[in-house]
Amino acid sequence: MSPAIALAFLPLVVTLLVRYRHHFRLLVRTVLLRSIRDCLSGLRIEERAFSYVLTHALPGDPGHILTTLDHWSSCCEYLSHMGPVKGQILMRLVEEKTPACVLELGTYCGYSTLLIARALPPGGRLLTVERDPRTAAVAEKLIRLAGFDEHKVELIAGSSEEVIPRLRAQHQLSRAELVLLAHRPRYYLRDLQLLEAHALLPAGATVLADHVLFPGAPRFLQYAKSCGRYRCRLHHTSLPDFPAIKDGIAQLTYARPG
């Protein structure tokens, strides 16, 4: 490319960098810096976060552990977790619905798992599914450190596509009054339809789906709004520590089977 052509594109490049500077910062923190730290430490970000929690949080206090994770994400390394603003929406719904059983798809580091578990009614149960076994091992340690045993929170390592069909037979889940989709948005529609096909959603069940605007789940939202089985509401939020990057949580109420 000649210098003249490069100079012609320079104003466009500068404009894009200015307009999407927050997305560029996010990319640097979640890809570039994270990859460098992974190589230098030999640990994943979830493992580094757990090490920080071990030395700074109070065992048996899920609220303090959550606050510690928020502080680490803001001041040390961006964790890509749910964060306190979205967390308040999640906790409020759990407290309002008082579900006997909650299903979470996408445990990740265990942040949203702790939010749900501490808001469950007495006798309530949470099943959380994490695809990556190494990440699941970290989340398991965090959940137990917070004081929740296997009767309260059961962590299942495996892909949601494989786990959902066997939830009834192997994990005694006959229905989930509240479901949190927090794994990969491109799988939301597939897994919602799997939950429907295996009759795991009772009438009135609530389905929460994170990150439906960023990175986005357009096919999932289109289906939920057009299939006639759900009442839909969108909670407009942003990414933790990146208020300029808008995101949203979809709240679906399952009205009836197809």
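Only a predicted model underlies this, so the values are computations on that prediction, with no experimental measurement involved.

So, the pairing of strand S2 (residues 125-130)
Here S2 lies mainly inside the structure; 6 of its 6 residues are buried. Of the two faces of S2, the one lined by Arg-125, Leu-127 and Val-129 and the one lined by Leu-126, Thr-128 and Glu-130 are each fully buried. For the crossover from strand S1 (residues 101-105) across helix H6 (residues 111-119) to S2, the handedness is right-handed. Examined bridge by bridge, S2 and strand S3 (residues 153-157) share 5 bridges and lie parallel to one another. Within the sheet, the bridge partner assigned to Thr-128 lies in S3 and is Leu-155.

Observations concerning the side chain of Glu-104
Here Glu-104 lies in strand S1. One buried charged side chain, Glu-104, makes no salt bridge at all; its nearest oppositely charged neighbour is Arg-144, positioned 11 Å away. A distance of 2.4 Å separates polar atoms of two side chains, one belonging to Glu-104 and the other to Ser-112. A polar contact of 2.6 Å, which involves the side chain of Glu-104, links it to the side chain of Thr-128.

Details of the pairing of strand S5 (residues 206-209)
Of the two faces of S5, the one lined by Thr-206 and Leu-208 and the one lined by Val-207 and Ala-209 are each fully buried. Here strand S4 (residues 178-181) runs beside S5; their pairing, made up of 4 bridges, is parallel. Looking at the pairing, Leu-181 lines up with Ala-209 of S5. Each parallel crossover has a hand, and the one from S4 via helix H10 (residues 188-197) to S5 is right-handed. In this sheet, strand S7 (residues 242-254) lies alongside S5 in antiparallel orientation, the contact comprising 4 bridges. The residue bridging Leu-208 from the neighbouring strand is Gln-251, located in S7.

Focus: the packing of helix H3 (residues 45-56) against helix H7 (residues 133-145)
In contact at an axis separation of 10 Å, H3 and H7 are set at 20° when each is read in the N-to-C sense. By the angle between their axes, H3 is roughly parallel relative to H7. The element H3 and its partner H7 pack so that their crossing is left-handed. Packed against H3, whose contacting residues are Glu-46, Glu-47, Phe-50, Val-53 and Leu-54, the element H7 presents Arg-134, Thr-135, Val-138, Lys-141, Leu-142 and Leu-145 at the interface. Looking at the contact of H3 with H7, its residues break down into 6 nonpolar, 1 polar and 4 charged.

What counts as what
- Residues numbered from 1 in each chain as written.
- Predicted model: local features only at pLDDT ≥ 70, side-chain atom pairs only at ≥ 80, totals over all residues.
- Heavy atoms only, no water.
- Buried < 20%, exposed > 50% of the residue type's maximum accessible area, 1.4 Å probe, protein only.
- Helix = DSSP H or I, 4+ residues; strand = E, 2+ residues; numbered from the N terminus.
- Right-handed = clockwise from strand over helix to strand, strands pointing away.
- Pairing = 2+ DSSP bridges.
- Lys, Arg positive; Asp, Glu negative; His and termini not counted.
- Salt bridge = Lys/Arg side-chain N within 4 Å of Asp/Glu carboxyl O.
- Polar contact = N/O pair within 3.5 Å; in protein donor to acceptor, adjacent residues only side chain to side chain.
- Axes fitted to C-alpha atoms, helices over the stretch in contact; angles between N-to-C directions.
- Parallel < 35°, antiparallel > 145°, perpendicular 65-115°, else oblique.
- Left-handed = near helix turned anticlockwise from the far one by under 90°.
- Contact = heavy atoms within 4.5 Å.
- Nonpolar A, V, L, I, M, F, W, Y, C, P; charged D, E, K, R; others polar.

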